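A look at the structure
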2 protein chains.
Amino acid sequence: MTIRYPNGKKYMPVQKSTVQRKTDFSFSNRGMALEEELNESNEFYLSRGIAVIHKKPVPIQVVNVNYPARSAAVITEAYFRTPSTTDFNGVWNGKYIDFEAKETKSSTSFPLQNIHAHQVDHMKSVWKQGGLAFFIIKFTLLDRYFIVPYDRFERFWERMETGGRKSITLAEFEKAGIEISPGFNPRIDYLHAVSILMMVSEETIEGQEEL
Amino acid sequence: MTIRYPNGKKYMPVQKSTVQRKTDFSFSNRGMALEEELNESNEFYLSRGIAVIHKKPVPIQVVNVNYPARSAAVITEAYFRTPSTTDFNGVWNGKYIDFEAKETKSSTSFPLQNIHAHQVDHMKSVWKQGGLAFFIIKFTLLDRYFIVPYDRFERFWERMETGGRKSITLAEFEKAGIEISPGFNPRIDYLHAVSILMMVSEETIEGQEEL
């Protein structure tokens, strides 16, 4: 099947042999590993019919495009834009899933400056709509992964906004989050952790208010 | 607040005065109007706390980036990639919403070549997960809008795959879809149409099997 752009131009897949993919454009090597682990996990979920969750494309503002004859359109000037939402979203058992994944090289705490305020606003809106919004945080040096639902994350965010500490400590993750042990397939079974979170009663959450 | 890319580089918003936004890169002027109408509608839904639905960024493969001193990273070589999912998704009343929006200049039928096979596969997976997947089709010359849920769309897709006609006729939209009348705010109240679809009983859908 010939695929065409809506403007009628033929879609030409990028030839790997002619275009060397460089990695220096990535937002962060720090973030790549976790992102790949999650992409793999999502492929596993999709292939087994467990969930349909994808990473969103990086938002890019395109300024200039060349359309050489008989080859793919080349974007010659473009800029990265700040994401206004989260990295991943999708559906699992009829439930809306929305999360942001971040890594830190710190062994003691996760710096909140890694999170944008509009992403937090977005997750709050999602939470209000009955969606499942959460963070997946990886402490790379410790090889430890935590999932923190938005409602618990909010306390730490508000603490920062009211002049408190600008990070979440590892000990706080151990209390407020669910730890995920990396496995083979899926690599990061975060939906299992989400299902545990969903089973946690309101009472337990109340009991953790002092966090 | 200073926003930084994960690599530590400062985020510099693109200056409108120095970068002239050109429109010739867009996939289609044909598609722009509907997309803008839907973005406006989604902003309305978001501002009123009705739903959190966004257009996904266009997937772009970045090949080369320059990092000039003291200014924003400039992407100097990149390519459009074929989207593997749909244009819009989000959450509404706890329900996962996923749709593709297309326009046609035809006054009589919508050509199915405007839809990619992997987008249809994606919607099928979403439907199986209990998500609400649908198409919004605009007949631009008629100024008529239809919403067609995935399960009804599937019949027309299968008809094409088994050698039948490669389009959906306007008359078929009138039967299988819900027509949306454009309004002021929101411009395209497609969630109202979705709620009507959800009220439609199984019986009615059965009654339309002959479509």
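Quick caveat: nothing in here was measured; it's all calculated off a predicted structure. (Residues numbered from 1 in each chain as written. Chains lettered and ligands numbered in written order. Predicted model: local features only at pLDDT ≥ 70, side-chain atom pairs only at ≥ 80, totals over all residues. Heavy atoms only, no water.)

Another point: the pairing of strand β5 (residues 95-104) of chain A. Residue and element names in this part refer to chain A. Burial runs high along β5: nine of the ten residues are buried. In this sheet, β5 lies alongside strand β4 (residues 88-92) in antiparallel orientation, the contact comprising five bridges. Counted as the bridge partner of Gly-90 is Ile-97 from β5. Hairpin connection from β4 to β5: two residues lie between these consecutive antiparallel strands, with Asn-93 at a positive phi of about 50°. Bridge analysis of β5 against strand β7 (residues 132-139) gives eight bridges, and the strand direction is parallel. Of the residues in β7, the one forming a bridge with Asp-98 is Ala-133. (Buried < 20%, exposed > 50% of the residue type's maximum accessible area, 1.4 Å probe, protein only. Helix = DSSP H or I, 4+ residues; strand = E, 2+ residues; numbered from the N terminus. Pairing = 2+ DSSP bridges.)

Attention shifts here to the pattern of salt bridges. By the definition in use, this model includes 16 salt bridges over all chains. Among the ionic pairs, Glu-172 of chain A bridges to Arg-159 of chain A, the shortest N-O distance being 2.6 Å. Here Arg-159 of chain A lies in helix α3 (residues 150-161) and Glu-172 of chain A lies in helix α4 (residues 170-176), a separation of 13 residues in the sequence. Glu-103 of chain B serves as the salt-bridge partner of Lys-138 of chain B, at 3.6 Å between the closest nitrogen and oxygen. In this pair, Lys-138 of chain B is assigned in strand β7 (residues 132-139) and Glu-103 of chain B in strand β5 (residues 95-104), connecting sequence segments 35 residues apart. In terms of burial, Lys-138 of chain B and Glu-103 of chain B fall into one category: buried. A single salt-bridge network, built from bridges that share partners, covers Glu-37, Glu-103, Lys-138 and Arg-187 of chain A. (Salt bridge = Lys/Arg side-chain N within 4 Å of Asp/Glu carboxyl O.)

For the structure on display, the rule yields 27 aromatic pairs over all chains. Among the aromatic residues, those joined into a cluster by ring pairs are Phe-44, Tyr-45, Phe-88, Phe-99, Phe-134 and Tyr-190 of chain A. (Phe/Tyr/Trp six-rings, centres within 6.5 Å; stacked < 30°, edge-to-face > 60°.)

Spatial strand order, β2(A)-β3(A)-β3(B)-β2(B): four strands in an open sheet with antiparallel pairing. Looking at the sheet topology across the chains shown, the edges are occupied by β2 (60-66) of chain A together with β2 (60-66) of chain B. The average undirected angle you get between the axes of adjacent strands in this sheet is 35°. When β2 of chain B meets strand β3 (residues 74-80) of chain B, the two strands line up antiparallel, connected through six bridges. Each residue of the ladder has a partner; that of Ile-60 of chain B, found in β3 of chain B, is Phe-80 of chain B. (Axes fitted to C-alpha atoms, helices over the stretch in contact; angles between N-to-C directions.)

Our focus in this paragraph is the side chain of Glu-37 of chain B. Residue and element names in this part refer to chain B. Its location among the elements puts Glu-37 in helix α1 (residues 29-47). The class for Glu-37 is buried, based on a relative accessible area of 9%. Of note is the side chain of Glu-37, whose polar atom sits 3.2 Å from the side chain of Lys-138. Polar side-chain contacts of Glu-37 include one of 2.7 Å to the side chain of Tyr-145. Leaving out residues up to four positions away in the same chain, Glu-37 has contacts with Lys-138, Tyr-145, Arg-187 and Ile-188. (Polar contact = N/O pair within 3.5 Å; in protein donor to acceptor, adjacent residues only side chain to side chain. Contact = heavy atoms within 4.5 Å.)

Here the focus is the packing of helix α2 (residues 117-128) of chain A against α3 of chain A. All names here are of chain A. Between α2 and α3, whose axes approach to 10 Å, the crossing angle comes to 140°. Between α2 and α3 lies a crossing whose hand is left-handed. Residues Ala-117, Val-120, Met-123, Lys-124 and Trp-127 of α2 lie in contact with α3, whose contacting residues are Tyr-150, Asp-151, Phe-153, Glu-154 and Trp-157. For the contact of α2 with α3, a count of residues per class yields seven nonpolar, no polar and three charged. (Left-handed = near helix turned anticlockwise from the far one by under 90°. Nonpolar A, V, L, I, M, F, W, Y, C, P; charged D, E, K, R; others polar.)

Turning our attention to the UniProt feature "site: Transition state stabilizer" (unreviewed entry) in chain A. Residue and element names in this part refer to chain A. In the numbering used here, UniProt assigns the "site: Transition state stabilizer" (unreviewed entry) feature to Lys-102. Note that Lys-102 resides in strand β5. Beyond its immediate stretch of four places on either side in the chain, Lys-102 contacts Leu-34, Phe-110, Asn-114, Ile-115, Ile-136, Ile-137 and Lys-138. Polar contacts involving the side chain of Lys-102 include one to the main-chain carbonyl oxygen of Asn-114, which spans 3.4 Å. (UniProt positions renumbered as here; feature names shortened; annotations may be inferred.)

In this numbering, the UniProt entry assigns the feature "binding site: Mg(2+)" (unreviewed entry) to Thr-85, Asp-87, Glu-100 and Gln-119 of chain A. Annotated residues spanning 35 residues; largest pairwise C-alpha distance 9.4 Å, indicating a single compact cluster. If you trace the backbone, Thr-85 of chain A turns up in the loop between β3 (74-80) and β4. Given a relative accessible area of 8%, Thr-85 of chain A falls into the buried group. Thr-85 of chain A has contacts with Lys-56, Glu-100, Gln-119 and His-122 of chain A together with His-54 of chain B, leaving out every residue within four places of it along the chain. Within the structure, Thr-85 of chain A has its side chain in polar contact with the side chain of Lys-56 of chain A (distance 2.6 Å). As for its position among the elements, Gln-119 of chain A is in helix α2. Those residues in contact with Gln-119 of chain A that sit more than four places away from it in its chain are Pro-83, Thr-85, Thr-86 and Glu-100 of chain A.

This part takes up the pairing of strand β8 (residues 144-149) of chain A. All names here are of chain A. Burial of β8 is extensive: five of the six residues sit out of reach of the surface. As judged from the six bridges shared by β7 and β8, these two strands associate in the antiparallel manner. Note on β8: the bridge partner recorded for Lys-138 is Tyr-145. Once β7 ends, the chain turns through four residues before running back antiparallel as β8, passing Asp-143 with a positive phi of about 55°. Bridge count between β8 and strand β10 (residues 178-180): three bridges; the pairing is antiparallel. When the sheet's bridge partners are listed, Phe-146 is paired in β10 with Glu-179.

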